[in-house]
Amino acid sequence: MNARIDLAQLRQRIACIPALRTDQRAPASALSTGLASVDAYLHDAVVPLGAVHEIAGHAGDEEQGAAGAGFLALSLKANATAGWIVWVTQDADLYAPGLAAFGLDLRRLILVSARRDAEVCWALEEALRSRSLSAVIGEVGVLTLNATRRLQLAAEQAGIPCFLLRRWRTQELAQRQRAQPIAAVSRWRVVPLLHPRLPDQALATLPELGPAHWRLDLWRCRNAAAASWIMEFDHADEQRVTAFPVPVAAALADRPIPATPAAEAEAGRATATLLRFG
Amino acid sequence: MLAAQAGNRLEIQAVNLAARALGLKPGVAVADARAWVPQVIVVALDPAADAADLKRLADWTTRFSPLVTIDGADGLMLDIAGCAHLWGSEARMLADLDRHMRAFGLTHRSAIADTIGAAWAAARFGAGSNQIVPHGQQKIALLDLPPPALRLPEELCAQLQRLGLKRVADLCALPRAALARRFGAVVMDRLDQALGRQDETLSPLLPPPQCYVRMDFAEPITQRADIDRALDLLLKRLTEALGPHESGPRKLDLSCYRLDGETQRLSIGTARASLDAAHLFRLFEEKLDLLRPDDGFEAMRLSGREMEKLRAQQRDFEAGGAVSHDLAPLIDRLSNRLGEDAVHRFETRESHIPERAVRRLPPLAESPRLHWPKASQRPVRLLPHPEPIEAVAPIPDDPPVQFRWRHVLHRVRAAEGPERIAPEWWLPGEEDAEIRDYYRVEDAEGRRFWLYRAGLYQATPAPRWFLHGMFG
């Protein structure tokens, strides 16, 4: 037990080193998602809040980044409890009622529309340097290592998270850009999963949707190993418990990332099916 | 000599001094003029180019006064109340104007008077150019001038001429009531306006600034560093002058007067009135690259519009007091570079139509109203325009079993709906809008979409389907 505590303290101290700041108030805050088991993992790993965090969609959703936007809206509730949030977009397709359903406080949200990736980065940096916000989000396609380094520095100094929601116009661009190195402390992938239900049967009508299921991959992280979770979010329940804005999302599995995509998918499905019957 | 088609003959419209000395004047046919003076140069009249040049000249004259308006096809009117002292006196101001006009190669006539009418008359009909009608002496100046000097309609002038009323003095001698009865109220109005018995104001070309500072340079400046310093000084002077009034402008215009008569203008806007010179400088700084000094600027003017009371919070911020969560500087910088409407917030609009349920608000608006009906699930992304899809729905009023969107085939594995949204037929342009039946569907990969069928189900023509949004 003692050893475990020492380990945690050691990690905290190590987390301070890369920043090399004179004021040692960091890492007062760690990145959180509002999902208990994910947050426990992030807390153990001491993933700092004031940093660049990348969130990308999966194949097919790289253009819209819908799941990523939903996950962001959900986690902003945990990461930016007070203060202004700036969301820089390029396409005017963010839909306020949908965001509100994820519990994001729209009174604190300021939308900025930019025309190019470079403008998004510029706006993000300005926002980070203004010192009057609690989080910034940028929807961006092509990124250079240098641009992200600048953002990382600015986010570190501001002590607030800078989320990069990746959106690529084409699949080809997505393939090229997806694995490009960027100066992000954590890199996430949000993949919608099929709702776990009985295998295909000759149903007379299509089944109902039920809660949304996502697989959450933390596939690169500065202080921790990669990890994946399966989470479930029920729009209907969220709406019923508006008095307590607690996410109904829950991390259901906590396991290392499988070696091959096929195995990965298999594992995801297996867990999901388990859910249904367990 | 300028000529233009008049009826079926080419007529002289305007002549220069040399031609006038030879006896050529407007109204003469070009053919006659050629016979008279064979070496005359005839140039076609281009009213559009003339108007554009006059507009440019009007821009340039804002260096004398912010209140400038174009008068007809060939005149400018400036309201110089309170401006002349910047040149020392009205005479020196007029001399400066004269010098510049000569430098531009323009022949001009100008005059200063108490009223618009008197100045107009003196400039166009007075003896010689650069006339200054002394304060309160409009009547003396006007008496000897012909009636057209009163800006009367042409046919009225001809009528007066026929009656032998050749001077303004003749009009003044007649009883007012008789004059008004005989020729209409316009004569009395114009006379009263010229004499200052009736008020008249200019409607300026540009919105009038509520405050401004200007700076003339002994030597034209071309270097960016000099422009920076001049702007810095102007901003400091303006903010210092406004400080005691506790109000500041929300729009600032910087006019730079170039040596060749061109005027270049930069504008910035702020989300909230600001007197922070450093902040305002940063907003201008991004745009200074747009200036093209060429031969140099000889004067710069900074003017403010849309004055607003300063808020207490902002003064704290300037004084470097308590840390303030003041968003205004950030919003200014963002909207200055990305466009005025690039920064906004969401607010609920009372509408059932999804794309109309959200309104954009200015970023610093007071507490937006946010209440969307909780019962209906809405996507995170809504396409600005619903995109047509090819959908296969075997049973009427059922969700599609598969659909093709942007060349990709999606098999539907689960679906919910329909949610019927009726058009708002009472709005203009919505009379023909169709009912929409919305479905939430999940495809084989787990992605969730928001689709709708336009119109009620019918076998023929085949129903049209659209994809409108994506759920997280």
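Look up: the structure comes first, before these words.
Residues numbered from 1 in each chain as written. Chains lettered and ligands numbered in written order. Predicted model: local features only at pLDDT ≥ 70, side-chain atom pairs only at ≥ 80, totals over all residues. Heavy atoms only, no water.

Time to look at the overall build of chain A. Along the backbone of chain A there are nine helices and nine strands. Put simply, chain A has 278 residues, and 55% of those count as buried. (Helix = DSSP H or I, 4+ residues; strand = E, 2+ residues; numbered from the N terminus. Buried < 20%, exposed > 50% of the residue type's maximum accessible area, 1.4 Å probe, protein only.)

Before going further, it helps to examine the sheet that holds strand E10 (residues 263-269) of chain B. All names here are of chain B. Read across the sheet, four strands follow the order E8-E11-E9-E10 without closing on themselves; strand pairing throughout is antiparallel. If you trace the sheet from one side to the other, it starts and ends with strand E8 (211-221) and E10, each paired once. Between one strand and the next, the sheet's axes are offset by a mean angle of 15°, whatever the strand orientation. Relative to strand E11 (residues 297-309), E8 is paired through seven bridges, and the arrangement is antiparallel. Note that in E11 the partner of Cys211 across the bridge is Gly304. (Pairing = 2+ DSSP bridges. Axes fitted to C-alpha atoms, helices over the stretch in contact; angles between N-to-C directions.)

The subject of this paragraph is the interface of chain A and chain B. One frequently used descriptor of interface size is the decrease in accessible area upon assembly of the parts. Counting residues at the interface gives 62 residues for chain A, matched by 54 residues for chain B. Buried area between chain A and chain B, both sides added, is near 5,000 Å², and the carbon and sulfur share of it is 60%. Area buried by chain A at its contact with chain B is led by Tyr95, Trp122 and Leu209 of chain A, which between them contribute 16% of it. Taken together, the links from chain A to chain B amount to four salt bridges. Its salt-bridge partner being Arg381 of chain B, residue Asp93 of chain A comes within 3.1 Å of it at the nearest N-O pair. At the boundary of chain A with chain B, the tally comes to 13 residue pairs in polar contact (both at pLDDT 80 or more). For the side of chain A that touches chain B, the residue count by class is 35 nonpolar, 14 polar and 13 charged. When strand E3 (residues 109-113) of chain A meets strand E12 (residues 343-348) of chain B, the two strands line up antiparallel, connected through two bridges. (Contact = heavy atoms within 4.5 Å. Buried area = accessible area lost by both parts, 1.4 Å probe. Salt bridge = Lys/Arg side-chain N within 4 Å of Asp/Glu carboxyl O. Polar contact = N/O pair within 3.5 Å; in protein donor to acceptor, adjacent residues only side chain to side chain. Nonpolar A, V, L, I, M, F, W, Y, C, P; charged D, E, K, R; others polar.)

With that settled, the discussion passes to the packing of helix H12 (residues 277-285) of chain B against helix H14 (residues 328-338) of chain B. All names here are of chain B. Across the interface, H12 lies against H14 with an axial gap of 9 Å and an inter-helix angle of 15°. Considering their axes alone, H12 and H14 lie roughly parallel with respect to each other. Considering only the axes of H12 and H14, their crossing is right-handed. Together, His279, Arg282 and Leu283 of H12 and Pro329, Asp332, Arg333 and Asn336 of H14 make up the contact between the two elements. (Parallel < 35°, antiparallel > 145°, perpendicular 65-115°, else oblique. Left-handed = near helix turned anticlockwise from the far one by under 90°.)

With that settled, the discussion passes to helix H4 (residues 90-104) of chain B. Residues and elements named next belong to chain B. Taking 1.5 Å per residue as the helical rise, H4 with its 15 residues ought to reach 21 Å, and the 21 Å between its terminal C-alpha atoms agrees with that figure. Close packing links the buried residues of H4 with helix H3 (47-61), strand E6 (111-112), strand E7 (131-132) and E11. At the exit of H4 stands Gly105, carrying a positive phi of roughly 80°. (Expected span 1.5 Å × (residues − 1).)

All right, on to the pattern of salt bridges then. Residue and element names in this part refer to chain A. Counted by the stated rule, this structure contains 52 salt bridges over all chains. Here Asp93 ties to Arg167 by a salt bridge, and the two come within 2.7 Å at their closest N and O atoms. On the criterion of sequence distance, the pair formed by Asp93 in the loop between strand E2 (84-89) and helix H4 (96-101) and Arg167 in the loop between strand E5 (162-166) and helix H7 (171-178) is long-range, its members being 74 residues apart. Judged by relative accessible area, which is 5%, Asp93 ranks as buried. The exposure class of Arg167 is buried, given its relative accessible area of 10%.

Residue and element names in this part refer to chain B. The antiparallel closed barrel is built from six strands, whose spatial order is E14-E15-E16-E17-E18-E19. Mean inter-strand twist for the sheet, computed between neighbouring axes without regard to direction, equals 45°. Across seven bridges, the pairing between strand E17 (residues 436-443) and strand E18 (residues 448-454) is antiparallel. Paired with Val441 across the bridge in E18 is Phe449.

The phi angle at Arg131 of chain A is positive, at roughly 60°, despite the residue not being glycine. Within the fold, Arg131 of chain A resides in the loop between helix H5 (117-129) and strand E4 (133-140). The exposure class of Arg131 of chain A is partly exposed, given its relative accessible area of 49%. With a phi angle near 70°, His407 of chain B is a residue other than glycine that sits in the positive phi range.

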